[in-house]
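# Summary of structural features
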Amino acid sequence: MTATIAIISDTHFNRWDEVHPKIREAVSEADIAVHCGDIVRQDVVDGMRREARRAVIVHGNSDPPDLRESLPYTEVIEVEGVRLGVTHPAWGGPEFPLEELLPDFSEPVDAILFGHLHETINETRDGILFLNPGQAYKSFMVPATIAMLTVSNGKMSAEIVVIEE
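Residues numbered from 1 in each chain as written. Predicted model: local features only at pLDDT ≥ 70, side-chain atom pairs only at ≥ 80, totals over all residues. Heavy atoms only, no water.

### A closer look at the overall build of the chain
Selection criterion: Each helix is a run of DSSP H or I of at least 4 residues and each strand a run of E of at least 2, with the numbering of both proceeding from the N terminus. We compute the radius of gyration over the C-alpha atoms and compare it with the globule rule, which gives 2.2 Å times the number of residues raised to the power 0.38. Any pair of residues with heavy atoms lying within 4.5 Å of one another is described as a contacting pair. Residue burial considers only the protein chains on display, and all accessible areas are found by Shrake-Rupley using a 1.4 Å probe.
For the chain, the count of helices and strands is 3 helices and 10 strands. Seen in sequence order, the chain has helices and strands lined up from the N terminus as β-α-β-α-β-α-β-β-β-β-β-β-β. A compact globule built from 165 residues should have a C-alpha radius of gyration of about 15 Å, and the chain, at 14 Å, falls within 12% of that. The principal-axis extents of the C-alpha atoms in the chain amount to approximately 35 × 35 × 35 Å. Counting contacts in the chain only where the partners sit at least 6 residues apart, residues at least 24 apart contribute 55% of the total. Counting only carbon and sulfur atoms, one obtains 48% of the accessible surface of the chain, whose full area is about 7,700 Å².

In structure tokens form, the structure reads like this:
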């Protein structure tokens, strides 16, 4: 069996309907939709949960106290025998070694899906996939991007998708 996972992060929107239509479409079509934090408003959480078949959402450093209290800091899910860790490393600065994400999880993971940097990363180190979808909105010199992860028979394939240049 094959599972498709749409991964978004750093939406920084007040309402779900402000999220780019192509991103909302990817969320609704994927088997699982993951938000790696910095959501900013409950309406975005509610919209994603409403439209996704299955939503996995963690909070970020820009999220207000009510979201930080209602959403986990990390989440680990298993998909087709692959363990995926989800986080928004609020402790991280602009650049940090990706391996510093590992202690956020109390159990071994095969991939870490994370936000915070607003830059895309699709890199495997020591057998662990580090995947950052970038930011979900277009800004000066930085496109709106998401990541798509396909998991099939214990194998992962990831790509970064440019939504808006």
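### Section: unusual backbone geometry
A positive phi angle, near 60 degrees, is found at Asp 38, a position not held by glycine. The residue Asp 38 is located in the loop between β2 (32-35) and α2 (42-51) in this model. Positioned with a positive phi, Val 40 is a non-glycine residue whose angle comes to about 90 degrees. Considering the arrangement of structural elements, one finds Val 40 in the loop between β2 and α2.

### Quick notes on the sheet that holds strand β9 (residues 144-152)
In plain terms, the rule: A pair of strands counts as paired when DSSP detects no fewer than two bridges linking them. Note on definitions: angles span 0 to 180 degrees between N-to-C directions of axes, and those axes are lines fitted to C-alpha atoms, for helices only across the stretch in contact.
If you trace the 5 strands from one edge of the open sheet to the other, you get β3-β2-β1-β9-β10, paired in mixed fashion. Two strands lie at the open edges of the sheet, namely β3 (55-57) and β10 (155-164), each paired on one side alone. With direction set aside, neighbouring strand axes in the sheet form an average angle of 20 degrees. Pairing analysis gives 9 bridges linking β9 to β10, with the strands arranged antiparallel. For Ile 146, the partnering residue across the bridge sits in β10 and is Val 161. Here helix α1 (residues 21-29) sits on the sheet and contacts β1 (2-8), β2, β9 and β10; the angle it forms with β1, its principal contact strand, is near 150 degrees.

### Some thoughts on the side chain of His 59
To keep it simple, the criterion reads: Buried means the residue's accessible area, taken with a 1.4 Å probe over protein chains only, is under 20% of the maximum for its type, while exposed means over 50%, and partly exposed covers the values in between.
Relative to the elements of secondary structure, His 59 occurs in the loop between β3 and α3 (65-70). What makes His 59 buried here is its relative accessible area of 13%. In this structure, His 59 is in contact with Gly 37, Asp 38, Leu 67, Arg 68, Leu 71, Pro 72, Tyr 73 and His 88, ignoring residues within four places of it in sequence.

### So, the nonpolar core
Test applied: By convention a nonpolar core is built from buried Ala, Val, Leu, Ile, Met, Phe, Trp, Tyr and Cys residues, the set being connected through side-chain atoms within 4.5 Å.
Counting residues in hydrophobic clusters, the biggest one holds 22 residues, and the most contacted among them are Ile 23, Val 27, Ile 39 and Met 48. Of all the elements in the fold, those that place two or more residues in this core are β1, α1, α2 and β9. Excluding residues within four positions of it along the chain, Val 27 makes contact with Ala 6, Ile 8, Trp 16, Ala 33, Met 48, Glu 51 and Ala 52. Judged by nonpolar contacts, the second largest core, of 20 residues, contains Ala 3, Val 34, Val 56 and Val 151.

### Topic: the environment of Val 34
Here Val 34 lies in strand β2. Of the residues examined, Val 34 reaches a relative accessible area of 0% and is grouped as buried. In this structure the C-alpha to C-alpha distance between Val 34 and His 88, which are 54 residues apart in sequence, comes to 12 Å. What Val 34 contacts, discounting residues up to four positions off in sequence, is Ile 5, Ala 6, Ile 7, Ile 8, Met 48, Val 56, Val 86 and Leu 113.

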